[in-house]
Amino acid sequence: MSDHVETVLLERDGGVAVLTLNRPAVLNALDAPMAELFLARVKDIAARGDSRAILLKGAGKGFCAGGDVSQFLAGGDPAVTIPAIMEPLHEALLVLDRLPQPSVACLHGAVAGGGFSLALGCDLAVAAENTRFAMAYSRLGTTPDLGGSFRLPRLVGLRKAKEIALLAEPFDAAEALRLGLVNRVVPNEQAEAEALALARRLAEGPTQAYGRVRHLLTEAAGHDLAAHLAAEERAFAESTATADFREGVAAFLEKRPARFGGE
C-alpha cells in the first residue's frame, strides 16, 4: 500500500466509521494528497451509508498540526499549492455536513490551524488532558479555512473568537472545556476509548433525527423566529414518518429502552 493511501485510514467499528489522520511523523499535517484522500474517504462513508456515527482522530503524538507549511510555497506559487490542499477539504466538510450521522472528534496533542478548524467541524469532541489548541493562522500572516471562522464565533461568541483568531495564543484542554470547544476532557490514555464509546452511543440512536437536530441547530443563527419555527415543524413531521419514531414511541409506552435502527 502506498504512503498516499495510508495518510487517511477508514475503518469500521460496528456502526461507527473511524477516520484516522495518518501522517504521524509531521503531526498529521495536511498536504494535497492527504486532502484528496480525506475527501475520498468521506465520499465512501456517504456512498456506503452503513455507518451511523463518525469518529475522527489522529495517529501518533497529535491530532493535527494544520496545513503542511512546507508545501505552501513548493513550486513557488501558493495560489496553486494551497487550493490543492484547501479545496478538497472544503468539499469533504460540505459532504459531512449534509450527512445525518453525528461526528465525534478525538483530540490529543497538537490541535492547530487547519486541525483546529477540522475539530470544530465535528458535532462533539473529547480531548485528552495533553491537548494544546492554537488557531495559528495569523502567525503565518493568513486567515482561517476549513470553516474555522464560521464555527468559532458560534461556539465561543464573537469577542472571544476574535481574541483566539487574532492573538493565536495556545491554550490547554481545560480552557477549551471552559469555552465550550470540547465536551469532555479525560486522562490521556482514556481519550480514544471515551471518544469511541461516545460515537458508539450515537450510532445506536435515531440517525435521521440526529441529522435534523444538527441542521436545525446550525441553521438557527440565520433564521428569524418564524422561519425557524417553520423549519422545526418540517423536521418534526419528517421524523414522525420514520421507523425510529414509531420505535421510540413504542419504547416509551412500554417503558423499555428504544432499539433504533437508524431509519
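Structure: above.
Residues numbered from 1 in each chain as written. Predicted model: local features only at pLDDT ≥ 70, side-chain atom pairs only at ≥ 80, totals over all residues. Heavy atoms only, no water.

Novice: Would you mind showing me how to read the layout of surface pockets here?
Specialist: Any empty space left between the atoms is revealed when a probe the size of a water molecule rolls over them. Here the largest pocket defines a volume of roughly 970 Å³. Gly121, Cys122, Asp123, Arg151 and Thr218 are, among the 37 residues lining the largest pocket, the residues nearest its centre. At the level of elements, β3 (53-58), α3 (78-98), α4 (114-120), β6 (124-128), α5 (148-156) and α9 (207-219) are the ones that each hand at least two residues to the lining of the largest pocket. Per element, the largest residue contribution to the lining of the largest pocket is six residues, and it comes from α9. In the lining of the largest pocket, the residues fall into 23 nonpolar, nine polar and five charged. (1 Å grid on protein atoms, 1.4 Å probe; cavity = no way out; pocket = protein on both sides within 12 Å on 5 of 7 lines; lining within 4 Å. Points joined across faces, edges and corners; volume = space filled by probe spheres on them. Helix = DSSP H or I, 4+ residues; strand = E, 2+ residues; numbered from the N terminus. Nonpolar A, V, L, I, M, F, W, Y, C, P; charged D, E, K, R; others polar.)

Novice: Looking at this structure, I do not really get the side chain of serine 117. What am I missing?
Specialist: As for its position among the elements, serine 117 is in helix α4. Residue serine 117 is classed as buried on the basis of its relative accessible area, which comes to 0%. For serine 117, the side chain forms a polar contact with the side chain of tyrosine 137, separated by 2.9 Å. Here the side chain of serine 117 touches aspartate 145 through a polar contact of 3.0 Å, landing on its backbone oxygen. Not counting the four nearest positions on each side in its chain, serine 117 is found in contact with Met135, Tyr137, Asp145, Leu146 and Gly148. (Buried < 20%, exposed > 50% of the residue type's maximum accessible area, 1.4 Å probe, protein only. Polar contact = N/O pair within 3.5 Å; in protein donor to acceptor, adjacent residues only side chain to side chain. Contact = heavy atoms within 4.5 Å.)

Novice: When you look at the sheet that holds strand β1 (residues 8-13) in this model, what are you seeing that I'm missing?
Specialist: Each strand in a sheet pairs with its neighbour through backbone hydrogen bonds, running either in the same direction (parallel) or in the opposite one (antiparallel). Spatially, six strands are ordered β1-β2-β3-β4-β6-β9 in an open sheet, and the strand pairing comes out mixed. Two strands lie at the open edges of the sheet, namely β1 and β9 (184-186), each paired on one side alone. If you compare each strand with its neighbour and ignore which way they point, the axes differ by 20° on average. As paired strands, strand β4 (residues 103-107) and β6 are joined by four bridges and run parallel to one another. Considered in β6, the bridge of alanine 105 is made with alanine 125. Running at roughly 25° to β1, helix α2 (residues 32-48) makes contact with β1, β2 (16-21) and β3 of the sheet. (Pairing = 2+ DSSP bridges. Axes fitted to C-alpha atoms, helices over the stretch in contact; angles between N-to-C directions.)

Novice: Help me understand empty space enclosed by the protein, please; the structure alone is not making it clear to me.
Specialist: Within the structure shown, the criterion is met by one cavity of 30 Å³ or more. What the largest cavity holds in volume is close to 60 Å³. In this structure, the largest cavity is lined by Leu107, Val111, Phe116, Ala119, Leu120, Ala125, Phe133, Leu181 and Val182. For the lining of the largest cavity, the element with the highest residue contribution is α4, accounting for three residues. Considered class by class, the residues forming the lining of the largest cavity number nine nonpolar, no polar and no charged.

Novice: I'm lost on the state of the cysteines in this one. Help?
Specialist: Each disulfide is one covalent bond, formed between the sulfur atoms of two cysteines. Applying the stated criterion across every chain yields a total of zero disulfides. No disulfide involves cysteine 64; its nearest neighbouring cysteine sulfur is the one of cysteine 122, lying 11 Å away. For cysteine 64, a relative accessible area of 0% translates into the label buried. Counting only cysteine sulfurs, cysteine 106 is the nearest neighbor of cysteine 122, a cysteine outside any disulfide, at a range of 10 Å. (Disulfide = S-S within 2.5 Å.)

Novice: How should I be thinking about the pairing of β6 in this particular structure?
Specialist: Looking down a regular strand, the side chains alternate between one sheet face and the other. Burial of β6 is extensive: four of the five residues sit out of reach of the surface. Strand direction decides the pairing type here: β6 and β9, joined by three bridges, are parallel. Note that in β9 the partner of valine 126 across the bridge is arginine 184.

Novice: What exactly am I supposed to notice about α2 here?
Specialist: Residue pairs spaced three or four apart in an α-helix point in one direction, given the helix's 3.6 residues per turn. An ideal rise of 1.5 Å per residue puts 24 Å on 17 residues; α2 measures up with 24 Å between its terminal C-alpha atoms. Of all the residues in α2, the buried ones are Met34, Ala35, Leu37, Phe38, Leu39, Val42 and Ile45. Of the residues flanking the start of α2, the one acting as N-cap is aspartate 31, its side-chain oxygen 2.9 Å from the backbone nitrogen of methionine 34. After α2 finishes, the residue glycine 49 shows a positive phi value of roughly 65°. (Expected span 1.5 Å × (residues − 1).)

Novice: So what exactly am I meant to see when it comes to the nonpolar core here?
Specialist: Within soluble globular proteins, side chains that are nonpolar tend to cluster in buried spots. Judged by nonpolar contacts, the single largest core of 49 residues is most densely connected at Leu19, Phe38, Leu107, Phe116, Phe133, Leu152 and Leu181. Top contributing element to this core by residue count: α2, with seven residues. Not counting chain neighbours up to four residues away, the residues in contact with phenylalanine 116 comprise Val111, Phe133, Ala134, Met135, Leu152, Ile164, Phe171 and Leu181. One finds Val16, Val126, Val186 and Ala199 within the second-largest nonpolar core, a separate group that totals 16 residues. (Core = buried A, V, L, I, M, F, W, Y, C linked by side-chain atoms within 4.5 Å.)

Novice: Whenever I open this one, the environment of alanine 237 confuses me. Can you help?
Specialist: Checked against the element boundaries, alanine 237 lands in helix α10 (residues 225-240). Residue alanine 237 is classed as partly exposed on the basis of its relative accessible area, which comes to 45%. Residues alanine 237 and aspartate 68, 169 residues apart in the sequence, show an inter-C-alpha distance of 45 Å.

Limitation: the analysis is restricted to geometry and does not speak to function.
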